[in-house]
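Letter by letter, the chains look like this.
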There are 2 protein chains.
Amino acid sequence: MSYSVSEVAKMMNVSTYTIRYYDKEGLFPMVKRVNGIRVFEDKDFPWLRMLNCLKNLNLPIKKIKEYVDLAVRGDETLKERYQLILEQEENIQKQIQELQYYKKQIDFKKAYYEKAIEVGTEEAVKDWPNPAATLDVDEVPD
Amino acid sequence: MSYSVSEVAKMMNVSTYTIRYYDKEGLFPMVKRVNGIRVFEDKDFPWLRMLNCLKNLNLPIKKIKEYVDLAVRGDETLKERYQLILEQEENIQKQIQELQYYKKQIDFKKAYYEKAIEVGTEEAVKDWPNPAATLDVDEVPD
DNA sequence: TCTTGACCTAGAGTTAACTCTAACTTTCAA
DNA sequence: TTGAAAGTTAGAGTTAACTCTAGGTCAAGA
């Protein structure tokens, strides 16, 4: 099967502009052209999935491009690509921990507003102790 | 205790430019001035923590400003602020699920590269089945 | 054949969130 | 009291990631 820019855009939940922009930035070095028109194929899907993943992990396009460039160079860069994957594993772990930390704050505020709404004024809860003593999650132990 | 812009910047892990930019955008309507100089106080910390939280949940500054404006209006907006908090609770939940989904992809790639490095070439693993059949996490059931 | 819609490019425009500069004021230790 | 460090403002500049426009090509159905 082969797929047009607009089909791939739909699959990735982005605009056709974005797909062409990614190509301009060199993120699709493997995509075939027929009469100048981009033709995506099933064999390109593993990379589309990976791109979608890295994009949603908030990797900047330049960093994604680095990964593409390594992949293009082939087997000699396997270890470097593995390294990049390990970094992403850590990245995900850190992001999940952060979210769990901020969840505590939000849960606190939720209870806070529930009480405030119940009694009709924020005054009653203004001095409730906040579960997080610091401003930044980096300062939080383990 | 009172704190200068640079002290607050340090606490929030941002530059002094950023603190002044946030103030310019109206995110610190409560901050005192002494001879024109900003003076943050302990009573401002709950809001600094909340700001830090919303910022790290990737809320745009305009949205954070909306929350500030509600807070300034006082008790009449308690329900609206509660609503915003509920949205953030969902937001966090969705983000954690997404990360767990992408973690699967990364774990797959990790095993993929481990094998490829072991045998010395990617060819051996090129056709390994990917655990995620779709491109976008939105399409994933439950 | 002709029109419609999807494709192409180069390059300009937009937006968010900073980031910095210039010119000035305030604070504080020596 | 004076010089450095840190504060102030308005407004310009930067960067990433799109987003769009203009001007063109191409394939397919009426």
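Residues numbered from 1 in each chain as written. Chains lettered and ligands numbered in written order. Predicted model: local features only at pLDDT ≥ 70, side-chain atom pairs only at ≥ 80, totals over all residues. Heavy atoms only, no water.

Looking at this structure, I do not really get the protein's contact with DNA strand D. What am I missing?
Lining the immediate surroundings of DNA strand D are 17 residues, of which A:Tyr22, B:Ser6, B:Arg20, B:Arg33 and B:Arg38 lie closest. Here the atoms of DNA strand D within 4 Å of the protein split so that 69% fall in sugar or phosphate, with bases taking the remainder. B:Arg33 places a side-chain nitrogen or oxygen 3.0 Å from a phosphate oxygen of DNA strand D. Within the side chain of B:Arg38, one N or O atom sits 2.6 Å away from a phosphate oxygen of DNA strand D. Where the surface near DNA strand D is concerned, the elements lending two or more residues are helix H2 (16-24) and helix H4 (61-73) of chain A together with helix H1 (5-12), helix H2 (16-24) and strand S3 (37-41) of chain B. The residue inventory of the surface near DNA strand D, partitioned by class, reads 7 nonpolar, 5 polar and 5 charged. (Near = heavy atom within 4 Å. Polar contact = N/O pair within 3.5 Å; in protein donor to acceptor, adjacent residues only side chain to side chain. Helix = DSSP H or I, 4+ residues; strand = E, 2+ residues; numbered from the N terminus. Nonpolar A, V, L, I, M, F, W, Y, C, P; charged D, E, K, R; others polar.)

Is there a simple way to think about the relation of the copies chain B and chain A in this case?
Between the two copies of the chain lies a relationship made up of a rotation around an axis and a movement along it. Least-squares fitting of chain B to chain A yields an RMSD of 0.1 Å, with the transformation described by 0.0 Å of translation along the axis and a rotation of 180 degrees. In short, the pair behaves as if placed about a two-fold rotation axis. Minimal C-alpha distance to the rotation axis in chain B is attained by B:Ile96, lying at 3.1 Å. Same-surface contact between copies: 100% of interface residues of chain B are shared with the interface of chain A. (Least-squares fit on C-alpha atoms with pLDDT ≥ 70 in both. Contact = heavy atoms within 4.5 Å.)

So what exactly am I meant to see when it comes to the pairing of strand S3 (residues 37-41) of chain A here?
Taken residue by residue, a regular strand's side chains alternate between the two faces of the sheet. Residue and element names in this part refer to chain A. Two strands pair when backbone bridges link them, and strand S1 (residues 2-3) and S3 are joined in this way by 2 bridges, in the antiparallel orientation. Bridged to Ser2 within S3 is Glu41. Bridge analysis of strand S2 (residues 32-34) against S3 gives 3 bridges, and the strand direction is antiparallel. Within S3, the position partnered with Arg33 by the bridge is Arg38. Hairpin connection from S2 to S3: 2 residues lie between these consecutive antiparallel strands, with Asn35 at a positive phi of about 55 degrees. (Pairing = 2+ DSSP bridges.)

When you look at the protein's contact with DNA strand C in this model, what are you seeing that I'm missing?
Around DNA strand C, the surrounding shell holds 17 residues, and the nearest of these are A:Ser6, A:Arg20, A:Arg38, B:Tyr22 and B:Asn35. Sugar and phosphate atoms represent 75% of those atoms of DNA strand C found within 4 Å of the protein. Side-chain polar atom of A:Arg20 to a phosphate oxygen of DNA strand C: 2.3 Å apart, as the coordinates give it. Here a phosphate oxygen of DNA strand C sits 2.7 Å away from a polar atom, N or O, in the side chain of A:Arg38. Listed by contribution, the elements that provide at least two residues to the surface near DNA strand C are helix H1 (5-12), H2 and S3 of chain A together with H2 and helix H4 (61-73) of chain B.

So what exactly am I meant to see when it comes to the interface of chain B and chain A here?
Size of an interface, as often reported, equals the accessible area lost when the parts are brought together. Each partner contributes to the interface: chain B provides 50 residues, whereas chain A provides 50 residues. Taken over both partners, the interface formed by chain B and chain A buries close to 4800 Å², and the fraction arising from carbon and sulfur atoms is 65%. It is B:Arg49, B:Ile106 and B:Leu135 that lose the most area in chain B upon contact with chain A, and together they represent 16% of the buried surface on that side. For the pair chain B and chain A, the number of links is 4 salt bridges. Inspection of the region where chain B meets chain A yields 17 residue pairs in polar contact (both at pLDDT 80 or more). (Buried area = accessible area lost by both parts, 1.4 Å probe. Salt bridge = Lys/Arg side-chain N within 4 Å of Asp/Glu carboxyl O.)

Any chance you could explain the sheet that holds S1(A) here in plain terms?
Hydrogen bonding along the main chain pairs the strands of a sheet, whether they run parallel or antiparallel. The strand order across the open sheet formed by 3 strands is S1-S3-S2 (chain A), and the pairing between neighbours is antiparallel. With one partner strand each, in any of the chains shown, S1 and S2 of chain A form the two edges of the open sheet.

Would you take a moment to explain the pattern of salt bridges for this structure?
Where charged atoms from two side chains of opposite charge come close, those side chains can pair. Residues and elements named next belong to chain B. Scanning the model with the defined rule gives 28 salt bridges over all chains in all. The salt bridge partner of Lys32 is Glu41, with a shortest N-O separation of 3.2 Å. In this structure Lys32 comes out as partly exposed when scored by relative accessible area, which is 38%. In this structure Glu41 comes out as partly exposed when scored by relative accessible area, which is 21%. Across the pair Glu118 and Lys115 runs a salt bridge, and its minimum N-O distance is 3.6 Å. Remark: Lys115 and Glu118 occur in helix H5 (residues 78-119); sequence separation between them is 3 residues, near one turn of the helix. Given the relative accessible area of 60%, Glu118 is considered exposed. You can call Lys115 partly exposed: its relative accessible area is 31%. (Buried < 20%, exposed > 50% of the residue type's maximum accessible area, 1.4 Å probe, protein only.)

What should I look at first to understand H1(A) in this one?
Residue and element names in this part refer to chain A. Looking at H1, one finds that the buried residues are Val5, Val8, Ala9 and Met12. Take H1 and look down its axis: the buried residues cluster within an arc of 105 degrees, on one side only. On its buried face, H1 is in contact with S1, H2, S3 and helix H3 (45-56). Downstream of H1 by a residue or two, Asn13 has a phi angle that is positive, lying close to 60 degrees. (Arc of directions from axis to C-beta.)

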